[in-house]
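Close look at the chain arrangement
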Amino acid sequence: MKNHFIFILVLSVLSFNCKEISNKKNTLETVFEMSNGKETATYDETILYYTTLAKKFKSINIDSYGETDSGLPLHLVTINSAGNFNFEEIRKSQRIVLINNGIHPGESDGIDATMMLFRDLANGTIEIPENTVIATIPIYNIGGSLNRNSTTRTNQNGPVSYGFRGNARNYDLNRDFIKADTKNARSFTEIFHKVKPDVFIDNHVSNGADYQYTLTHLFTQHNKLGGPLGKFVHDSVMPTLESKLRAKQWDITPYVNVFNRTPESGFSQFMDHPRYSTGYTTLFNTIGMMV
Ligand SMILES: [Zn+2]
């Protein structure tokens, strides 16, 4: 009798767990959501999540490209309501946004947010845009992402564990877009020139600096883009983004560097030379923004 009781108890606990797991699978909750915002998805969890989305939704496709210094390829995940993933054809009638995540994997917010965005677009929680295709590199610095720790970003408020800034050979990938010493940079180039995005977004997190704003934007210098495109970024894209976020109580302000200086001496804006992601994409007339 006692054995039966234990058996039933174990069975009920197991079935409860299974039910809970299957519920979570059905709702496609991310690691970030399941941990109440305390954890970020690992590299394997991230790729598995997008693979699951691609199996479940016709609007999502996942591909792999080239190699990185970790030995693993980069992935490109694309969402298109029309279900077309041929970029040559796409750009004839649709505009393309490319989101890069995890260039510094410890700056994990974009990794988790983009997983949620793709799910919510695919399942209709957010209306999927007809004329815009969104593509993402889920984690650009794969080697750094695999090198998880809890101690290299002590100024930052979470997550519990996260990837390391340097890649598999300890390069800072956000200095390597022109020199391309890393296989990551060369594979990025392959993806970038295949996708040819109209807009490029590179997601970061400040290194624990105490900004009063949750969000800061670093648009590529509009003067560098020049002409009508530069004017469009400065006079239209930036103010529209700021006012739309303000309406949702998510104020955003330009990113500034404040190292070793008092505010009285003024703030200087960040100059994104082409060795940085958005500086590189500006060379090809893509509107670039770091967040
Ligand atoms: Zn960064």
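To start, this report covers the structure provided alongside it. Everything numeric in this text was worked out from a predicted model, so none of it was measured.

1. Considerations on the overall build of the chain
Within the chain, the secondary structure is distributed over 10 helices and 10 strands. Relative to the globule expectation of 19 Å for 291 residues, the C-alpha radius of gyration of the chain, 21 Å, shows essentially globular dimensions. Taking all 291 residues of the chain together, 42% fall into the buried category. Counting contacts in the chain only where the partners sit at least 6 residues apart, residues at least 24 apart contribute 69% of the total. For the chain, the accessible surface area stands at approximately 15,800 Å², while carbon and sulfur atoms represent 55% of it.

2. Some details on the coordination of the zinc ion
Surrounding the zinc ion are the protein donor atoms H104 (ND1), E107 (OE), E107 (OE) and H204 (ND1), at 2.0 to 2.7 Å. What the four donor atoms of the zinc ion show is an angle range of 52 to 153 degrees at the metal, which sorts the shape as irregular.

3. Some details on the nonpolar core
Generally speaking, soluble globular proteins have nonpolar side chains that are buried together. Within the largest apolar cluster, 51 residues are counted, with the highest numbers of intra-cluster contacts made by L53, I60, L76, F118, I137, Y140 and F188. Among residues more than four places away in sequence, those in contact with F118 are Y50, L53, I60, V77, T78, I79, I134, A135 and T136. Counting residues in each nonpolar core, the second largest holds five residues, with L218, Y255, F270 and M290 among its members.

4. Some words on unusual backbone geometry
That bond from G158 to P159 is cis: its omega, -5 degrees, falls within 30 degrees of zero. Despite not being glycine, A180 shows a phi value in the positive range, around 50 degrees. Within the secondary structure layout, A180 lies in the loop between α6 (142–146) and α7 (183–195). Judged by relative accessible area, A180 falls into the buried class, the value being 19%. The phi dihedral of N285 falls on the positive side, at around 60 degrees, and the residue is not glycine. Its location among the elements puts N285 in the loop between α10 (277–282) and β10 (287–290). Its relative accessible area of 51% is what places N285 among the exposed residues.

5. A word on the packing of helix α3 (residues 43–56) against helix α5 (residues 109–122)
At a minimum axis distance of 11 Å, the contact between α3 and α5 shows a crossing angle of 10 degrees. Classified by the interaxial angle, the pair formed by α3 and α5 is roughly parallel. Residues T46, Y49, Y50 and L53 of α3 form the contact with α5, whose participating residues are I111, T114, M115, F118 and R119. Taken together, the residues of the contact of α3 with α5 break down into six nonpolar, two polar and one charged.

Rules used in this analysis
Residues numbered from 1 in each chain as written. Predicted model: local features only at pLDDT ≥ 70, side-chain atom pairs only at ≥ 80, totals over all residues. Heavy atoms only, no water. Helix = DSSP H or I, 4+ residues; strand = E, 2+ residues; numbered from the N terminus. Rg over C-alpha atoms; globule rule 2.2 N^0.38 Å. Buried < 20%, exposed > 50% of the residue type's maximum accessible area, 1.4 Å probe, protein only. Contact = heavy atoms within 4.5 Å. Areas by Shrake-Rupley, 256 points an atom, 1.4 Å probe, with all protein chains shown as cover. Donors = N, O, S within 2.8 Å, 3.2 Å for Na, K, Ca; no water. Tetrahedral: all angles 85-135°; square planar, octahedral: opposite > 155°, others 65-115°. Core = buried A, V, L, I, M, F, W, Y, C linked by side-chain atoms within 4.5 Å. Axes fitted to C-alpha atoms, helices over the stretch in contact; angles between N-to-C directions. Parallel < 35°, antiparallel > 145°, perpendicular 65-115°, else oblique. Nonpolar A, V, L, I, M, F, W, Y, C, P; charged D, E, K, R; others polar.

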